[in-house]
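Topology and contacts: notes
Read off the chains here:
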Amino acid sequence: MTGLVASLGSGAMTNSIADIDVARTIMVIGANTTSAHPVIGHRMRRAARNGATLIVINPKEIDLTHAASHFLQPRPGTDVALLMGMARYIIETGLADESFIAARTEGFAEFVASLQAYTPEFVVETTGLPWSRITEIARIYATNKPSSIFYAMGITQHSHGTDSVKAVANLALVTGSLGAPGTGVNPLRGQNNVQGACDMGCLPNVYPGSQRVDDPTIQKKFESAWNAQLPNQPGLTHTEIFDAICDGGIDTLYMVGENPLLTEANSGHVRAALERLDFFVVQDIFLSESATYADVVLPAASFAEKDGTFTNTERRVQRVRRAINPVGDSRPDWWIVSRIAERMDAPGFSYSSPEAIMREINQVTPSYGGITYERIENNGLQWPCPDTNYPGTPYLFPEKFSRPGGKACFSPLTYRPPAETADGQYPLILTTDRSLFHFHSSTMTRRVAGLSALDANEWLCLHPADAERYGIADGDWVEVSSRRGTVKVQARLTDVCQPGLCSMTFHFHESPTNLITNPALDPVAKIPETKVTAVSVRPLL
């Protein structure tokens, strides 16, 4: 795996949000930026007004397309074919950055050989896009530099999501669009502190700072720091945990700030798992749909009720300060976990404050070594920041990549189609999206009257041609069915979806979209393919 893709495995943007202002080409693929990341979306709009070339690649016509100079609508799940086809065109027309490739990469010959499968005919047939449109944006990306790529779950929530990220990395390497301002491969995180959670080891295969669990030297380091014996093999991913519960391998679950009954693909499987548990603890700020299954609910404090830090999508660690006292019996997450650990006689949990925890982070996490509360009192710092004299890192890889030898390695890729395709029984493809007005499972936002007034219920976005085919009028109640179940929802006729494609968000428990989504997993990241689900739609009479 390339040093670049390894860093992207933790979701880290290579560059800074401010670099949007200096990029001449901004390519946004698989991201509904103005809805899911509105501040960044606004910055992209401004950059386009100021002369940047904005390219949007998305199966749906999203709001950001109105600011874009180029918009491509590939078939869902065909991003690898599109990106590899672009790379082939760039190389064959002499637009590749040969000096960058020679000096800073490995495996180029093998990569070029793998591109022979991505003929113009194959790419056109697979993506549904004209070759002239594909080559046009490829030429712009390769020549109108600096060029940057932004992506989100539209390319990762697939049974080949890891390949999609590798394809993005390949394109950046071919054009030398890394290691400088205005360039980069920039995944946009789905929530405000997802990056911080990953940085602190909330992944099954790493300790804090992406230090591998199965590295004996790293294991010994953390055993010494924490005075505990630690496992030397990765744990289970989010999705695998629910499989293990249903298989009888797990009977107790402690869940913090999650609501998988709305957010997990094939959520009926999650419901079955929660019902099977012997003991279920939920720690959250509100009683979510998932929390109703809990034996014990621990009331956590919200962001406004606690001190600490958030790490945002550009790797910037920023202070969070308590604005009000915790409401009722709620307590900060760190306090709850520490008190439970102490009741279990676990050593090392006698923290007095979040700042005390940060001091431990400084000691065991090299990328956070120089990020102290004193230094981020007024402005945040971007990791890696190894010591207190270091100014932070606005962009990664200026001179070398994080592989032995410092070179990135190209990734030859074999195209794999989505796990489900439209057929006679399920003739439409459903993809999922987010609303500007609701946050993830909407545990918080649906309690805000003003936001609910703006977006009160789920809709099935359906192309008028498909609606006519099935006898559906705008506003009709319909049943949307997949191989996993059925949900009821109102139809909204719109041409933002191409014929054959429909979409829903997943914010509303009354129409739980993820009851029907596709649980097929990426073999590496174990992420489900929620962006491509074969469905049927029929009106409710």
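Given the structure is predicted, the values throughout are model-derived calculations rather than measurements. Think of each chain on its own: its residues are numbered from 1, step by step along the sequence as written. Under the rules for a predicted model, residues below a pLDDT of 70 receive no local features and side-chain atom pairs below 80 are neither given nor counted, while totals for whole chains, interfaces and linings still include all residues. Only heavy atoms go into the side-chain values, all of them from the structure, while hydrogens and water stay out.

1. Quick word on the environment of Pro391
What counts here: Numbered from the N terminus, helices here are DSSP runs of H or I no shorter than four residues, and strands are runs of E no shorter than two. Per-residue accessibility, obtained with a 1.4 Å probe over protein chains only, is compared with the maximum for each type, and a residue is labelled buried under 20%, exposed over 50%, and partly exposed between these values. Contacts were defined at the residue level, with two residues in contact if any of their heavy atoms lie within 4.5 Å.
Summarising the element assignment, Pro391 is placed in the loop between strand E14 (381-382) and strand E15 (408-409). Judged by relative accessible area, Pro391 falls into the exposed class, the value being 64%. C-alpha separation for the pair Pro391 and Ala152, spaced 239 residues apart in sequence, amounts to 28 Å. Beyond its immediate stretch of four places on either side in the chain, Pro391 contacts Arg375 and Leu381.

2. Examining the environment of Asp214
Going by this rule: Counted as a polar contact is a pair of N or O atoms within 3.5 Å, where, for protein atoms, one must be capable of donating a hydrogen and the other of accepting one, and residues adjacent in sequence contribute only when both atoms are in side chains.
With respect to the helices and strands, Asp214 occurs in the loop between strand E8 (211-212) and helix H12 (216-226). Residue Asp214 is classed as partly exposed on the basis of its relative accessible area of 34%. Sequence separation between Asp214 and Thr486 is 272 residues, and the spatial gap between their C-alpha atoms is 42 Å. At a separation of 2.9 Å, a polar atom in the side chain of Asp214 contacts the side chain of Arg212.

3. Quick word on the environment of Tyr207
With respect to the secondary-structure elements, Tyr207 resides in strand E7 (residues 206-207). Tyr207 sits in the buried class, given a relative accessible area of 8%. For the pair Tyr207 and Thr365, spaced 158 residues apart in the sequence, the C-alpha separation amounts to 8.8 Å. Ignoring any residue separated from it by four or fewer positions in sequence, one finds Tyr207 in contact with Gly201, Arg212, Val213, Ile218, Gln219, Phe222, Trp226, Leu230 and Pro231.

4. What to know about a nonpolar patch on the surface
Inclusion rule: Patch construction takes residues with relative accessible area above 30% that form no salt bridge. Like charges are linked within 9 Å, and nonpolar side chains (Val, Leu, Ile, Met, Phe, Trp, Tyr) are linked within 5 Å. Only the protein chains shown count as covering a residue, and every accessible area follows the Shrake-Rupley method with a 1.4 Å probe. By definition here, a salt bridge exists when the distance from a side-chain nitrogen of Lys or Arg to a carboxyl oxygen of Asp or Glu is within 4 Å.
A contiguous nonpolar surface patch, about 230 Å² in accessible area, is contributed by Tyr254, Val256 and Val337. With respect to the helices and strands, Val337 occurs in helix H16 (residues 333-343). You can call Val337 partly exposed: its relative accessible area is 35%.

5. Considering the packing of aromatic side chains
Rules: Think of it this way: a Phe, Tyr or Trp ring, Trp meaning its six-membered ring, pairs with another when their centres are within 6.5 Å, and the plane angle makes it stacked under 30 degrees, edge-to-face over 60, tilted otherwise. Comment: the charge-over-ring label is applied if NZ (Lys) or CZ (Arg) is within 6 Å of the ring centre and within 35 degrees of the ring normal.
Applying the stated criterion to the full structure yields ten aromatic pairs. Measuring from ring centre to ring centre gives 4.6 Å for Tyr207 and Phe222, while their planes differ by 25°; the resulting arrangement is stacked. Taken together, the residues span a long stretch of sequence, with Tyr207 in strand E7 and Phe222 in helix H12 at a distance of 15 residues. Among the aromatic side chains, those forming a connected cluster through ring pairs are Phe108, Phe111 and Phe410. Between the NZ or CZ atom of Arg331 and the centre of the ring of Trp335, over which it lies, the distance is 5.7 Å. The side chain of Arg492 reaches across the aromatic face of Trp459, ending 4.3 Å from its centre.

6. Thoughts on the domain arrangement of the protein chain
For clarity, the threshold we go by: An automatic or database domain assignment provides the domain bounds reported here. Two parts placed together each lose some accessible area under a 1.4 Å probe, and the buried area is that loss summed for both. Residues are grouped as follows: Ala, Val, Leu, Ile, Met, Phe, Trp, Tyr, Cys and Pro are nonpolar; Asp, Glu, Lys and Arg are charged; all remaining types, including Gly, are polar.
Split by domain assignment, the protein chain resolves into domain 1 (2-188), domain 2 (190-235 + 300-389), domain 3 (237-290) and domain 4 (428-539). For domain 2 versus domain 3, the distance between C-alpha centres works out to 24 Å. Facing nine residues of domain 2, the contacting portion of domain 3 comprises seven residues. Roughly 520 Å² of surface becomes buried between domain 2 and domain 3 when both sides are summed, with 60% attributable to carbon and sulfur atoms. Counting the surface domain 2 buries against domain 3, the share from its top three residues, Pro204, Ala300 and Asp333, is 50%. For the pair domain 2 and domain 3, the interface holds two residue pairs in polar contact (both at pLDDT 80 or more). Of the residues contributing to the side of domain 2 that touches domain 3, the split by class is six nonpolar, two polar and one charged.

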